[in-house]
Amino acid sequence: MSVTPVLAADVLRRQDPELAEILLGERERQATTLQLIAAENFTSPAVLAALGSALANKYAEGYPGARHHGGCEIVDVAERIAVDRARALFGAEHANVQSHSGSSAVLAAYAALLRPGDTVLALGLPYGGHLTHGSPANFSGRWFDFVPYGVDAETGLLDHDQVRALARSHRPKAIVCGSIAYPRHIDYAFFREVADEVGAYLIADAAHPIGLVAGGAAPSPVPYADIVCAVTHKVLRGPRGGMILCGAELAERVDRAVFPFTQGGAQMHTIAAKAVAFGEAATPAFAAYAHQVVANARALAAGLAAEGLVVTTGGTDTHLITADPAPLGADGRTARGLLAAAGIVLDCCALPHGDARGLRLGAAAVTAQGMGEKEMARIAALLAGVVRGESDAVRTRAEVRELAGAFPPYPG
């Protein structure tokens, strides 16, 4: 039997009605507003079923065949299936599916390859780098010497000349390529070339594009990077969690970096849900979905540009878009608040070469609901109307509810 958020809440209502109402309230929020946060998506009912299964009860420190607890013979099979499916899906020699999050995966990658004080080259936070790419508030910025690279001031594209120059100057132990707000494909071959030139490891943080990679809608970092860190949610539509892909020569180092160095027991219900997601991502239906995500993102970017927003890099190759709403009379933070009141949920982000905040939005969740390019044009118009002050929140929220209601995330 499939499990949806509604069924889970029905079960919980008898035991804990207070929490049941919270589950139902969140389900209602997701079903009646537009989910444009680039890092979010709707999982399938099968993924939800695995998350709510009896595997949540099992303690399984270690790896299949070498656990620290008894009774792991069944969950061992689940983890082996997840590993085999991940390897096949991404063409990797080795996969570790135990990381609890994308940040946990990056931490393990650093632990496998680096020592405190090592120099690392990564995209600067103002240009879309992640916290784990050297933020002083994060372990990465405290333990390692990060050198940031950026983007071209005019195009917003990665500055390859700067990357090469910084690598030659600083001779980093590792180079990280990946971003939480870069809407274009990354040239992994270029980063591999630079890493080889200076004798550095190449770590690809592919948390955002990995679902597109699975669906054949984005280039894969696997043939180029020493280690690929990723998540299983976002475009991949699996449970919230992380994974690491690497070659056979680094497999043992990666596994030991995950357990026992950075984590304890594996979350077996989540690992089973990851296996489900990998299986779903290997289907033609998912490939069609991934390509539709990109088509929708491009349509949404074009719609926003037509409404007067400045779209970073002039468009997108992926599921995400960053844009400056200033021409409409609001900064990113103000626009996000106005849009939230109208039922349009998205993020704000740093804009390159300035202190202003822009908007970051993605098309993965609305595409999972079945929306297409026509709906993206309508969303762009609704968004712009709110930011310009032409549409009040009450009227727009009613229109948003109507649009979202026509594409329920969990029909029936």
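All figures in this text were calculated on a predicted structure; none of them were measured in a lab.

Spatially, β4-β10-β9-β8-β7-β5-β6 is the arrangement adopted by the seven strands of the open sheet, whose pairing is mixed. At either margin of the open sheet sits one strand with a lone partner, and together these are β4 (94-96) and β6 (145-149). On average, each strand axis in the sheet is tilted by 20 degrees relative to the strand beside it, whichever way the strands run. Where strand β5 (residues 119-123) meets β6, five bridges bridge the pair, whose relative direction is parallel. In the sheet register, Leu123 faces β6, and the bridge partner there is Tyr149. Each of β4 and β10 (242-246) is contacted by helix α4 (residues 73-90), which is oriented at about 130 degrees to β4, the strand it contacts most.

Per the stated rule, a full pass over the model turns up nine aromatic pairs. Ring geometry for Phe42 against Tyr410: centres 6.3 Å apart, planes inclined by 85 degrees, an arrangement best described as edge-to-face. Within this pair, whereas Phe42 is found in the loop between β1 (34-35) and α3 (45-51), its partner Tyr410 is found in the segment after α16 (393-405), the two being separated by 368 residues in sequence. Residue class for Phe42 comes out buried when judged on its relative accessible area of 4%. Given the relative accessible area of 11%, Tyr410 is considered buried. A network of ring pairs unites the aromatic residues Tyr110, Phe139, Trp143, Phe144 and Phe146 as a single cluster. The residue whose ring lies beneath Arg237 is Tyr289, and the NZ or CZ to ring-centre distance is 5.5 Å.

Turning next to the environment of Ile244. Tracing the chain through its elements places Ile244 in strand β10. C-alpha of Ile244 to C-alpha of Ser104: the two residues are 140 residues apart in sequence and 9.8 Å apart in space. In this view, Ile244 contacts His94, Ala95, Asn96, Ser99, Ala105, Ala108, Ile227, Val228, Val254 and Val258; residues no more than four positions away in its chain are not counted.

Once that is clear, we can look at unusual backbone geometry. Residue Pro260 is bonded to the preceding Phe259 through a cis peptide linkage, with omega at 15 degrees. In this fold, Pro260 is placed in helix α10 (residues 251-262). At Lys234, a position not held by glycine, the phi torsion is positive, near 50 degrees. Inspection of the secondary structure assignment puts Lys234 in the loop between β9 (227-231) and β10. If you check the backbone angles, Arg237 has positive phi at about 70 degrees while not being a glycine. Secondary-structure assignment places Arg237 in the loop between β9 and β10.

The strand order β11-β12-β15-β14 describes an open sheet built from four strands, whose pairing is antiparallel. Bordering the open sheet on either side are β11 (310-311) and β14 (347-350), each of which pairs with just one other strand. Where β11 meets strand β12 (residues 320-324), two bridges bridge the pair, whose relative direction is antiparallel. Among the inter-strand pairings, Val310 is bridged to a residue of β12, identified as Asp324.

Here we take up helix α5 (residues 102-113). Taking 1.5 Å as the rise per residue, α5 with twelve residues should run 16 Å; its terminal C-alpha atoms sit 17 Å apart, in good agreement. Burial within α5 is extensive, with nine of its twelve residues counted as buried. Looking at α5, one finds that the buried residues are Gly102, Ser104, Ala105, Val106, Ala108, Ala109, Tyr110, Ala112 and Leu113. Residue Ser101 occupies the N-cap position of α5, its side-chain oxygen lying 3.4 Å from the main-chain nitrogen of Ser103.

Our next topic: the packing of helix α13 (residues 332-341) against helix α15 (residues 373-388). The interhelical angle for the contact between α13 and α15, taken along N-to-C directions, is 115 degrees, at an axis separation of 9 Å. Classified by the angle between their axes, α13 and α15 sit roughly perpendicular to one another. For the element pair α13 and α15, the recorded crossing hand is right-handed. Residues Ala335, Leu338 and Leu339 of α13 form the contact with α15, whose participating residues are Leu383, Val386 and Val387. When grouped by side-chain class, the residues that make up the contact of α13 with α15 number six nonpolar, no polar and no charged.

About the thresholds
- Residues numbered from 1 in each chain as written.
- Predicted model: local features only at pLDDT ≥ 70, side-chain atom pairs only at ≥ 80, totals over all residues.
- Heavy atoms only, no water.
- Pairing = 2+ DSSP bridges.
- Helix = DSSP H or I, 4+ residues; strand = E, 2+ residues; numbered from the N terminus.
- Axes fitted to C-alpha atoms, helices over the stretch in contact; angles between N-to-C directions.
- Contact = heavy atoms within 4.5 Å.
- Phe/Tyr/Trp six-rings, centres within 6.5 Å; stacked < 30°, edge-to-face > 60°.
- Buried < 20%, exposed > 50% of the residue type's maximum accessible area, 1.4 Å probe, protein only.
- Lys NZ or Arg CZ within 6 Å of the ring centre and 35° of its normal.
- Expected span 1.5 Å × (residues − 1).
- Polar contact = N/O pair within 3.5 Å; in protein donor to acceptor, adjacent residues only side chain to side chain.
- Parallel < 35°, antiparallel > 145°, perpendicular 65-115°, else oblique.
- Left-handed = near helix turned anticlockwise from the far one by under 90°.
- Nonpolar A, V, L, I, M, F, W, Y, C, P; charged D, E, K, R; others polar.

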